[in-house]
Amino acid sequence: MALLEVRDLHVFYGNIEALKGISLDAEEGEIVAILGGNGAGKTTTLRTISGLLRPRTGTVTFQGRNIVGVAAHAIVGLGLGHVPEGRRIFTILSVEENLNLGAYLIRSQGALLRARKAAVYQLFPRLAERKHQLAGTLSGGEQQMLAIGRALMSDPKVLMLDEPSLGLSPLLARSVLKTVREVANDGTTVLLVEQNARQALAIADRAYVIETGRIVLEGKASILATDERVQKAYLGGFEAMTSA
Amino acid sequence: MTPVPVPRRSLPAGLELWRRWFDALPFWARVLVFLLIAGVGVWYYNDPYVTAVAVSVATYAILGLGLNIVVGYAGLLDLGYAAFFAIGAYTTALLMTQAHWNFFATLPLAVIMTGTAGAILGYPTLRLRSDYLAIVTLGFGEMTRVAITNWDYAGGPNGVLGIPPPSILGFQLGSQMDFLGVSLFLLGIAMLATHHLDHSRLGRGWVAIREDEFAAEAVGVPSLRLKLLAYVMGGMWGGLAGAFFATRIGAIDPTSFTFQLSVLVLLLIVLGGSGSLPGVLVGSLVVVGLPEALRQFSSQRMLVFSILLIIMMLIRPQGIWPRVRRKPKPFYGLEGGESSDHAVEALRAHQREVEERDRRALTGHRSAGQGEVLLEVKGLVQQFGGLRAVDDVSFEVRRGEIFSIIGPNGAGKTTVFNCITGVQKPRRGSIRFDGRSLVGLPPHAIVSRGLGRTFQGIRLFKNMAVFENVMVGIYPRHRTMTWQAMLHTPGERRDERRTLQEARRWLQFVGLEEEAGRLATELSYADQRRVEIARALASHPRLVLFDEPAAGMNPTEKLELIGVIRKIRDLGITVILIDHDMSLVMRVSDRIAVLDHGVLIALGRPEEIQRDPAVIEAYLGRDEGDEMVEAIGS
Amino acid sequence: MGAFLQYTVIGLTVGSFYALVALGYTIVYGIIRLINFAQGDLSMVGAFIGWTLLVSLGFQHLPLWLALIAAFVIPMIGTALVNLGILQFAYKPLLHKSLWAILITALGMSLFLENAALQVWGPSINAYPPSMLPSSGFSLGPVHVTFLQVALFLTSLLLMAGLYAFVHGTMIGTAMRALAVDHDAARLMGIDVDQVIRLAFVLGAMLAAASGVMIGIYYTQIQFTMGFLLGLRAFTAAVLGGIGNIPGAMVGGMLIGLLESYTAGYLSGKWETVIVFGVLIAVLVVKPTGIFGERVAERM
């Protein structure tokens, strides 16, 4: 049984069916990329897994337990971390306070908290330099680091990342994704929603392609990277047009 | 997709017949029937106490109708409405006691005074967020009360005494029955006027602002002006009720105009159903009648009242008789069966009209011809904090083409869009539309110049019907005056019919005529997008900007969208398109601009763009050792 | 100059009462965007519980320190429970549903508390024991300051400092500030949002109750209608300082107190309301987010 199993999720916004039966798996220690165009349902999938949205039907099984209906804050405690789209850091708090909140559930264990914070600072030395600065004053790349670091503070078994390279320069995007690979190498499972398909596929083990709320393609990242259907569905049919 | 049937409680057969008869009457006749039944009922009951309560209910109903404009339609919180009641009451009281005016002669002045007060209150508060409005309006109410308490000419804390009852044609009115007649007469006027406002372009504009102020402004509704107007219109009815109150009571003093009164009126609106006319009537009956009915509880009645109120809000937060904007047959009574060419003809005629107007208004002005530059963006720079979202971007859009702006997320496309549509003011650079600068104009003014738009996330007015959404889009072309709307003049009626007809045509154009009466939220995602397109077209733009119209659409819907975009171009409307879906963009565009990290990296025809190495890199990321480059390159 | 300083002393004392109630408004508003109109009435409830203890139950005859502790702590706990009940039964079901409905419910709650107090404690003016604290004082040059004023002002400052330390020094306090920015992101940190909201209601009510008891001791008279004007002043103070902003509410409260005192001293008590709101409107027109800026995000 996989660490995280999603089965036949149907999610509605009012009358609009955003997810029409999404199923996916993530094994321990692998990076699973979720690709697809804007509005395809990638973010909705992540938000449903982390309990921010309630599916109409379907199950999310984490370590053998169905977590649909469990409150979002409790899901974090089970070991699912989520870095939301647009970073959503607490702009009026300092960098350090943001990180502390990431370890909210272990707030009484001071030593453990400090150890994790030290690990995050080691991963992102830039954050250590700016720990007393208000988070809202950080640059885009630093904010992304903070968002990831904040999620790592809960020491998640599965880390879900929603468009971590959004709005970053190619160089920064690459360095962020490299960090993601490092995190996965340490044994954390990563669910990665990413617009930058090539870079996502380069670091991922497997990938799913979502289109209008359905999974249209799945497989090993290295194979999907050369699959022309990925380009068609996601990269926008360069191929389709030139051959037409 | 079938329209959702409107739920109707079934009545016994006899009553049902009466109900149909009642529904078929024009509104003024329905008001008349209602007032007659109410009046005759109270008269027949013949109990002075009940009559007095009925007069109070009518007074509160007039107040409620006025505040309903501010709160229910425009969605602006007002906790100081008692001030208008006070100003109206004092105006009439002083004119009648000091200048011996006839009651009815004082009414216009009372209404003018309160309308002015509305403007004074509204003007500084227009840009405040709604929560702040609460305290500012509350402050306005308290300041007014304290000011009249300290105003010696008006009797200070003792108020104005000896206000005579009204007289009409030499008859002195005085009994409670007489007051009931006058109050019902005034209530009838208020009902008619506010109903007409509700069903005019003003009413739609207000509700649009309430639903989504940003979207309303961006589709051409001058939100600041309309909000101010809501305060003025709302204040006027408070003045009317106040004037009546003064002559009825005979002696007024500042304690009649407290915060509690403001709260009570707000209460009756929300209790009845915010924005609903019958809701106001029911609400005032409950708010005035219930404490009277609870008299047996004597000193506990306010306690019981507050408990009932809280329970009521928990059980039915939308109110007792909410306004449902769904309409089963929105186009009933319009001549049907015309071909959709009419929309096109109307559009062409209007475009010519606009060009003619511009030519006359601006000497030496010549509208861009087919294939000439319509929109010119030059050296555009936009900066947020340290981040340059758009860096020195220049391009030209020619009349009649489909021009696309693409680029990865965060490339600055939407920022360019926002600068063109006036949502943001660019740091540097010029934007000229048909030779005239757009920089610094508010969004609604840019819509009037002839730029329509849709939004990245759908931003329809959710609780309005589909056809009303499109009618809001016609707002900038509509010329009805406020007084015309209130009186429902023949000219206004013609305008309304024309607007409705045009809304129908544009819904026909996007293939949604059947769904016109449903609420916007009830439609599917793709259909909501099409309503947005219809709303944008309804303003008769010369250029429309579509922000990611294909997001969330399935392949079939995308194919249909391509058809619609081409059809729009064939109408003579220039199209700017932002989208991620490259296959869509490649298929439909004449020219494409590619942004990456705020910089324009390529501009050209689709086949040029596809081969451009910089574009491929921007979209797929640079990774030299990757097989993908070869895959794309082949 | 002497008069000015004298008015300043009075203004700061009264302002500290407003500041405490304003903090309640600001904490709750910052987290759930609700103007809890019942805030001023909570203060009234606290004042009456204190009165019941001191007068009806005869606590005033206990040793002074014991009487004072009881007269503050028990009303604070009692009022906190009342506010929790209000949250749970009246507001909770409406949160995230209808903005209007919840606002009306808050107004209804204010009405309810006022009338419930009327039933329980009656319509008359109830007197606090007059001689609990020494009415003597000392002179600083031309200004006379009573020990009572000093004690009450210091108590307010202590409570405010305590709140500030809690909100800025503890993890739960940090979570409260985070909730003003983003509820969903807070959930993703493992923060139980409902729990923090409950905490905000508890803190808000405790501060209000403390202020109510202090008003009782200072003016020695309380009535069931006292909550309205107090709430109004405090709400104004919260907005003036920038709603959601904790230091803003403190300073805002002091400013309103001073403004009121100066107006009463130099002009006439009759014009207090006009001046206070006039200043508020002027500030908002110039700086729509209050003097110190609001500490809440644009959208939830």
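Residues numbered from 1 in each chain as written. Chains lettered and ligands numbered in written order. Predicted model: local features only at pLDDT ≥ 70, side-chain atom pairs only at ≥ 80, totals over all residues. Heavy atoms only, no water.

Engineer: Pulling in residues and values, what's your account of the interface of chain B and chain C?
Structural biologist: The interface is formed by 38 residues belonging to chain B together with 44 residues belonging to chain C. Here chain B meets chain C over a buried area of about 3,600 Å², counting both sides, of which 77% is carbon and sulfur. The largest per-residue losses of area from chain B upon contact with chain C belong to B:Tyr132, B:Ile135 and B:Met143, which jointly make up 17% of the total buried on that side. Between chain B and chain C we count zero salt bridges in total. Across the chain B-chain C interface, the total number found is one residue pair in polar contact (both at pLDDT 80 or more). A per-element tally of the side of chain B that touches chain C places helix α6 (residues 130-149) of chain B first, with eleven residues. (Contact = heavy atoms within 4.5 Å. Buried area = accessible area lost by both parts, 1.4 Å probe. Salt bridge = Lys/Arg side-chain N within 4 Å of Asp/Glu carboxyl O. Polar contact = N/O pair within 3.5 Å; in protein donor to acceptor, adjacent residues only side chain to side chain. Helix = DSSP H or I, 4+ residues; strand = E, 2+ residues; numbered from the N terminus.)

Engineer: Would you mind going over the nonpolar core in detail, with residue names and values included?
Structural biologist: Side chains of nonpolar character tend, in soluble globular proteins, to be buried together. Ranked by size, the top nonpolar core spans 278 residues in total, and within it B:Leu187, B:Trp206, B:Ile252 and C:Tyr91 carry the most contacts. Take this core: its biggest share by element is 16 residues, from helix α8 (residues 193-219) of chain C. There are two domains that each give this core at least three residues, and those are domain 1 (28-256) and domain 3 (457-540) of chain B. Contact partners of B:Ile252, with chain neighbours within four places excluded, come to B:Ala89, B:Tyr90, B:Ala93, B:Asn158, B:Gly159, B:Val160, B:Ile163, B:Phe245, B:Ala246 and B:Phe257. Of all hydrophobic cores here, the second largest spans 53 residues; its members include B:Leu460, B:Leu523, B:Ile573 and B:Val585. (Core = buried A, V, L, I, M, F, W, Y, C linked by side-chain atoms within 4.5 Å. Buried < 20%, exposed > 50% of the residue type's maximum accessible area, 1.4 Å probe, protein only. Domains from an automatic or database assignment.)

Engineer: So, the domain arrangement of chain B: which residues are in play, and what are the values?
Structural biologist: When the parts of a complex come together, some accessible area is lost, and that lost area is often used as the size of the interface. Residues and elements named next belong to chain B. You can read the domains of chain B as domain 1 (28-256), domain 2 (368-450 + 542-548 + 559-634) and domain 3 (457-540). For the domain 1 and domain 3 pair, buried surface summed over both sides reaches about 2,000 Å², with 64% attributable to carbon and sulfur atoms. Three residues, Arg201, Arg204 and Val219, lead the burial of domain 1 against domain 3; their summed loss comes to 37% of the area buried on that side. Inspection of the domain 1/domain 3 interface yields two salt bridges. On the surface where domain 1 and domain 3 come into contact, there are six residue pairs in polar contact (both at pLDDT 80 or more). For the side of domain 1 that touches domain 3, the secondary structure elements donating two or more residues are α7 (176-198), α8 (201-211), α9 (213-218) and α10 (223-249). For the side of domain 1 that touches domain 3, a count of residues per class yields 16 nonpolar, five polar and four charged. (Nonpolar A, V, L, I, M, F, W, Y, C, P; charged D, E, K, R; others polar.)

Engineer: Now, about the sheet that holds strand β2 (residues 16-26) of chain A: what can you tell me, with residues and values included?
Structural biologist: All names here are of chain A. Reading across from one edge, β2-β1-β4-β5 is the order of the four strands in this open sheet, with antiparallel pairing throughout. The outermost strands of the open sheet, each flanked by one partner alone, are β2 and β5 (65-66). The sheet contact formed by strand β1 (residues 4-13) and β2 spans eight bridges and is antiparallel. Following the sheet pairing, valine 6 is matched in β2 by leucine 24. (Pairing = 2+ DSSP bridges.)

Engineer: Talk me through a nonpolar patch on the surface; I want residue IDs and the actual numbers.
Structural biologist: A cluster of nonpolar side chains, C:Leu62, C:Trp65, C:Leu66, C:Ile69, C:Val73, C:Ile74, C:Ile77 and C:Leu81, forms an exposed patch at the surface whose accessible area comes to about 740 Å². Here C:Trp65 is to be found in helix α3 (residues 64-91). (Patch = residues over 30% accessible without salt bridge, like charges linked within 9 Å, V, L, I, M, F, W, Y side chains within 5 Å. Areas by Shrake-Rupley, 256 points an atom, 1.4 Å probe, with all protein chains shown as cover.)

Engineer: An account of the interface of chain C and chain A is requested, with residue identities and associated values reported.
Structural biologist: Residue-level contacts link 21 residues of chain C with 24 residues of chain A. For the pair chain C and chain A, the summed buried area comes to about 2,100 Å², and 70% of that belongs to carbon and sulfur atoms. A per-residue breakdown of the area chain C buries against chain A is headed by C:Met171, C:Leu188 and C:Met189, which together make up 37% of the total. For the interface between chain C and chain A, the tally reads four salt bridges. Our count for the contact surface shared by chain C and chain A stands at three residue pairs in polar contact (both at pLDDT 80 or more).

Engineer: Explain the packing of aromatic side chains residue by residue, including any values.
Structural biologist: Between two aromatic rings, the relevant description is the distance of the centres plus the angle of the planes. All names here are of chain B. Enumeration according to the criterion identifies 24 aromatic pairs over all chains in this entry. Both rings, one in phenylalanine 179 and one in phenylalanine 244, keep their centres 6.2 Å apart while their planes meet at 75°; by these two values the pair is edge-to-face. Residue phenylalanine 179 is located in helix α7, and its partner phenylalanine 244 is located in helix α10; the two are separated by 65 residues in the primary sequence. For the pair formed by phenylalanine 179 and phenylalanine 244, the shared burial category is buried. Here the aromatic cluster, defined as three or more aromatic residues joined through ring pairs, consists of Phe85, Tyr90, Phe245 and Phe257. It is arginine 201 that lies over the ring of tyrosine 475; its NZ or CZ is 4.3 Å from the centre. Over the aromatic face of phenylalanine 509 sits the side chain of lysine 567, whose NZ or CZ is 4.4 Å from the ring centroid. (Phe/Tyr/Trp six-rings, centres within 6.5 Å; stacked < 30°, edge-to-face > 60°. Lys NZ or Arg CZ within 6 Å of the ring centre and 35° of its normal.)

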